[in-house]
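Single-letter residue listing:
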Amino acid sequence: MASLRVLASLFVLSSLVLAECECGYSIITGPDNREYIFTDLLESDFEHLDITDESESYGEYGWASQEFNMSSEVARGSYGESYTPQNVISNIIADAQVFGGSGVKGGAAGLDLVVKSEIKDGMVTCADVSTTNSHYYHGSFRAGIKVTDVPGTCAAFFWYMNDTQEIDIEFLSSEFNKSNNTFPVNLVLQSEESKDKGFDASKTGDFKKINLPFDPTAAFHDYRIDFLPDKVLFYADAVLLTEMNGTGVPSTPGNLQVSHWSNGNAGWSQGPPKTDAVTTVSYVKAYFNSSLDSRLSDYKARCKDPSAPSAVCAIPDNNATFFFSDLDNMTPNQTTYHENSGGRTTRAWWSSLFAAAFATSTSMVGLH
């Protein structure tokens, strides 16, 4: 019986050794085309993943709709902001093999973030979803977003720890002008310096307004933040928009959020919108180094030879339908929410199995 357990354990371990991507996921980024490798991933395909399902527990899929209020004073606008789960709507595609179609509720499939035109108790009702963990440190973070064309809102994809440790990609729909193809995106590092300027990052060196070469309201596009130890790079559809470095680069782990809001601030969101405004998110993909000691230990246990073929997997750029989580043997010891057969479900890949097998083989065949 003992020999059978040893053989079973060795079989499991050999399977893990043969797994692809066991030493992480890589990017080539920046003007110097430097390679960076990240240990962990969270891939969220919102065209097929319903994070608003009330039958699931809070944060079951790594994300949660947020519910909180901000007074007009705190929000720094003419109105307060009221974030409600009712303004976060999953509009999935029933067929797991179909991408880019209409959702079951009509319109573009994905996660709808709604800003209502109606004012309630002096507040605009808004939408925000956040990862339920805050262990996202250096990494490459991407989102597929179709921005509202209704003037008077701010749609944002951002990494956040606090108001002075924040990386933002923000779209102000009132700035869009289809007649002359003006479609700016605001790229921001909120820092101690921006706090000293009244949280007006435009008065610091960590703010850029860049006109996009496409209409962000007409289709989904890939927006990306590469948060590195000494700099932050911003991309749209795999094209580098700008690089920021210096003291504004965050120095802590944080979480990921996508939000859609308005508060009537004439210098930013403007609005509120005259009609309900919808920004849709088709996916968020996070490839990152976790700040958790347990995840670092897991990485050291599974990554035996970083130079081995396929031990590190290159992350495809600007590919809306590619998910490592959908492929066999490419997410070892990662938490995923995709079934490799094409369906979707919650499951953690091999974490406890790896630990059990490693412990068994160590005690029985003398590995130290």
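For clarity, every value in this text was computed on a predicted model and none was experimentally measured. (Residues numbered from 1 in each chain as written. Predicted model: local features only at pLDDT ≥ 70, side-chain atom pairs only at ≥ 80, totals over all residues. Heavy atoms only, no water.)

**What about the state of the cysteines?**
Keep this limit in mind: Defined by distance alone, a disulfide is two cysteine sulfur atoms within 2.5 Å. Put simply, DSSP H or I for four residues or longer makes a helix, DSSP E for two residues or longer makes a strand, and each gets a number counted from the N terminus.
Applying the stated criterion across every chain yields a total of 2 disulfides. Here Cys21 is linked by a disulfide to Cys313, with a sulfur-sulfur distance of 2.0 Å. Taking the torsion about the sulfur-sulfur bond, which here is approximately -90°, the covalent link between Cys21 and Cys313 counts as left-handed. One end of the pair, Cys21, is in the loop between α1 (2-18) and β1 (25-29); the other, Cys313, is in strand β21 (residues 313-314), and 292 residues separate them in sequence.

**As for the packing of aromatic side chains**
Short version of the rule: Geometry of aromatic contacts follows a simple scheme: Phe, Tyr and Trp rings, the Trp one being its six-membered ring, pair when their centres are within 6.5 Å, and the pair is stacked under 30 degrees between planes, edge-to-face over 60, tilted otherwise. Type-normalised accessible area, obtained with a 1.4 Å probe on protein chains alone, sets the label of each residue: buried when under 20%, exposed when over 50%, and partly exposed for intermediate values.
Counted by the stated rule, this structure contains 17 aromatic pairs. Each ring, one from Tyr287 and one from Phe324, has its centre 6.0 Å from the other, and the planes form 85°; the classification is edge-to-face. One end of the pair, Tyr287, is in strand β20 (residues 277-290); the other, Phe324, is in the loop between β21 and β22 (335-336), and 37 residues separate them in sequence. The burial state of Tyr287 is the same as that of Phe324; both residues are buried. Site record: aromatic cluster; members linked through ring pairs are Tyr25, Tyr287, Phe322 and Phe324.

**Observations regarding unusual backbone geometry**
A cis geometry characterises the amide bond from Gly271 onward to Pro272, with omega recorded as 5°. Take Pro272: it is sitting in the loop between β19 (255-261) and β20. Positive phi values are uncommon outside glycine, yet Asn181 reaches one of about 55°. Take Asn181: it is sitting in the loop between β13 (165-172) and β14 (184-190).

**Quick look at helix α4 (residues 293-302)**
Stated precisely, the cut-off is as follows: The directions considered for the arc are those from the helix axis to the C-beta atoms.
Taken together, the buried positions of α4 are occupied by Arg295, Tyr299 and Arg302. Across the axial projection of α4, the buried residues extend over an arc of 80°, all falling on one side. For α4, exposure combined with an orientation more than 90 degrees from the buried face picks out Asp293 and Lys300.

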